[in-house]
Amino acid sequence: MTVGEALRLAERQLAEAGVDTPRVDAELLLAHMLGVSRTGVHTRGDEPVPDAFQVLLGRRCAREPLAYVLGEWGFRRLVLKTDARALVPRPETEILVERCLELLHAEPAPRVLDLGTGTGAIALAIADEHPGARVTAIDASAGAVSLAKENAQRLHLERRVEIAQGDIAVAADGWDLVVSNPPYVAPQEWDRLQPEIREWEPREALVGLGFHERIARVANTHWLVLETGDCQAEDVAATLESVGYADVRVTPDLAGKPRVVEGRQPT
Ligand SMILES: C[S@@+](CC[C@H](N)C(=O)[O-])C[C@H]1O[C@@H](n2cnc3c(N)ncnc32)[C@H](O)[C@@H]1O
């Protein structure tokens, strides 16, 4: 089969499987297989496709997340290894990092804690974009911790980012900034999520209530920056104010939804 034929076949099969973006996914799977960019696929239309392409296509048709099938995913300036040990980093989380960097820009060597690090996305992006930051990344999941450590090594950031298994209690240690994208999906929402999430991503990375308030109460930090779910930002902002945070601010994501809540602990 040629690349051109594979592209048409893959787009049709992915659409039949219910994938939202069958054309883009078909192009990205072929690009990965051929080692070219997405647009490069179209210059190879007459070349043969390796048999292994059918395996990747089958995985995506089973609604495995594209990031797991490709084994890597872009986050800000980084390409992270991604697999079922941790949540796929989302575009809205890039805004969370943006806010942290803005708050830290005048600090030459801030101590930063990323609580619930998953792939290590937030911790590694902050270390990458703030050369003076000393970052600690914690996760309750042993699988996530091992993946985050692999990412730190791949990106040569292992000396700047300390990664360990741990719990929210670490936030009490005293930090310049604590950042977290905690589990925030209500248990009753689980069955309504797309198969890519429900059947493949770790449930404990997504489902949880009350994390924002627990972190806000435990944290001993100058700045706290939290990602929130749809329709949660207002309540989380009110919680931060009620437990004594000042300069509470909500930042929208790229879709305009209130997404990131930050606050400062008065000294
Ligand atoms: C929504 S995911 C975020 C992952 C990553 N920070 C990101 O933004 O892509 C939440 C993470 O918190 C971790 N987690 C859940 N409960 C935790 C706890 N009590 N203490 C520390 N980490 C926890 C999960 O294992 C998961 O990796």
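What counts and how
Residues numbered from 1 in each chain as written. Predicted model: local features only at pLDDT ≥ 70, side-chain atom pairs only at ≥ 80, totals over all residues. Heavy atoms only, no water. Helix = DSSP H or I, 4+ residues; strand = E, 2+ residues; numbered from the N terminus. Rg over C-alpha atoms; globule rule 2.2 N^0.38 Å. Buried < 20%, exposed > 50% of the residue type's maximum accessible area, 1.4 Å probe, protein only. Contact = heavy atoms within 4.5 Å. Areas by Shrake-Rupley, 256 points an atom, 1.4 Å probe, with all protein chains shown as cover. Lys, Arg positive; Asp, Glu negative; His and termini not counted. Charge placed at Lys NZ, Arg CZ, Asp CG, Glu CD. Pairing = 2+ DSSP bridges. Axes fitted to C-alpha atoms, helices over the stretch in contact; angles between N-to-C directions. Near = heavy atom within 4 Å. Polar contact = N/O pair within 3.5 Å; in protein donor to acceptor, adjacent residues only side chain to side chain. Nonpolar A, V, L, I, M, F, W, Y, C, P; charged D, E, K, R; others polar. Domains from an automatic or database assignment. Expected span 1.5 Å × (residues − 1). Left-handed = near helix turned anticlockwise from the far one by under 90°. Core = buried A, V, L, I, M, F, W, Y, C linked by side-chain atoms within 4.5 Å.

1. Regarding the overall build of the chain
For the chain, the helix and strand inventory stands at 11 helices and nine strands. The C-alpha atoms of the chain give 20 Å as radius of gyration, which agrees with the globular expectation for 267 residues (18 Å, within 12%). Oriented by its inertia axes, the alpha-carbon framework of the chain measures out at about 65 × 40 × 30 Å. Looking at the 267 residues of the chain, the share that counts as buried comes to 51%. At a minimum sequence separation of 6, the contacts of the chain that also span at least 24 residues come to 63%. A total of about 12,500 Å² of accessible surface is found on the chain, and carbon and sulfur atoms cover 50% of it. In the chain, which carries 29 positive and 42 negative side-chain charges, the distance between the mean positions of the two groups comes to 2 Å.

2. Considering the sheet that holds strand 5 (residues 161-165)
Read across the sheet, seven strands follow the order 5-4-3-6-7-9-8 without closing on themselves; strand pairing throughout is mixed. Edge positions in the sheet fall to strand 5 and strand 8 (246-252), since each of these pairs with one other strand and no more. If you compare each strand with its neighbour and ignore which way they point, the axes differ by 15° on average. Two elements, strand 3 (residues 111-115) and strand 6 (residues 175-180), share four bridges in a ladder whose sense is parallel. In the sheet register, L113 faces strand 6, and the bridge partner there is V178. Helix-sheet contacts for helix 5 (residues 92-104) involve strand 3, strand 6, strand 7 (221-227), strand 8 and strand 9 (258-264), and the interaxial angle to strand 7 is about 165°.

3. Observations concerning the site of the ligand
Near the ligand lie 19 residues; those nearest to it are G116, D139, D167, N181 and A205. For the ligand, a nitrogen atom lies 3.1 Å from a polar atom in the side chain of D167. Computed on the free molecule, the ligand has an accessible area of 600 Å², of which 93% lies beneath the protein chains in the complex. Of the residues belonging to the shell around the ligand, the class tally is nine nonpolar, seven polar and three charged.

4. Focus on the domain arrangement of the chain
The assigned domain composition of the chain is domain 1 (3-62) and domain 2 (84-264). The C-alpha centroid of domain 2 is placed 33 Å from the C-alpha centroid of domain 1.

5. Quick word on helix 2 (residues 22-34)
With 13 residues, helix 2 extends 18 Å between its outermost C-alpha atoms, agreeing within 8% with the 18 Å of an ideal straight helix rising 1.5 Å per residue. Taken residue by residue, helix 2 has P22, D25, A26, E27, L29, L30, A31 and L34 as its buried positions. Residues of helix 2 that are buried make contact with helix 1 (3-16), helix 3 (53-61) and helix 4 (66-70). Of the residues trailing helix 2, G35 is marked for its positive phi of about 70°.

6. Description of the packing of helix 2 against helix 3
Close contact between helix 2 and helix 3 brings their axes to 10 Å; oriented N to C, the two are set at 145°. As for how helix 2 packs across helix 3, the hand of that crossing is right-handed. The residues of helix 3 that touch helix 2, namely those facing D25, L29, L30, H32 and M33, are F53, L56, L57 and R60. Split by residue class, the contact of helix 2 with helix 3 holds six nonpolar, one polar and two charged.

7. Concerning the nonpolar core
In terms of nonpolar packing, the biggest core is built from 32 residues, with I126, V135, V161, L177, V179 and V225 touching the most fellow members. At the level of secondary structure, the elements contributing two or more residues to this core comprise strand 2 (78-81), helix 5, helix 6 (121-129), strand 4 (134-139), helix 7 (142-154), strand 5, strand 6 and strand 7. Those residues in contact with V179 that sit more than four places away from it in its chain are L96, C100, V112, L113, D114, L115, I122, I126 and V225.

8. Concerning the pairing of strand 8
Looking at chain direction, strand 8 and strand 9 are connected through five bridges and run antiparallel. Residue pairing for strand 9: V250 is matched across the bridge by V261. Joining the antiparallel neighbours strand 8 and strand 9 is a turn of five residues, in which G256 adopts a positive phi near 85°.

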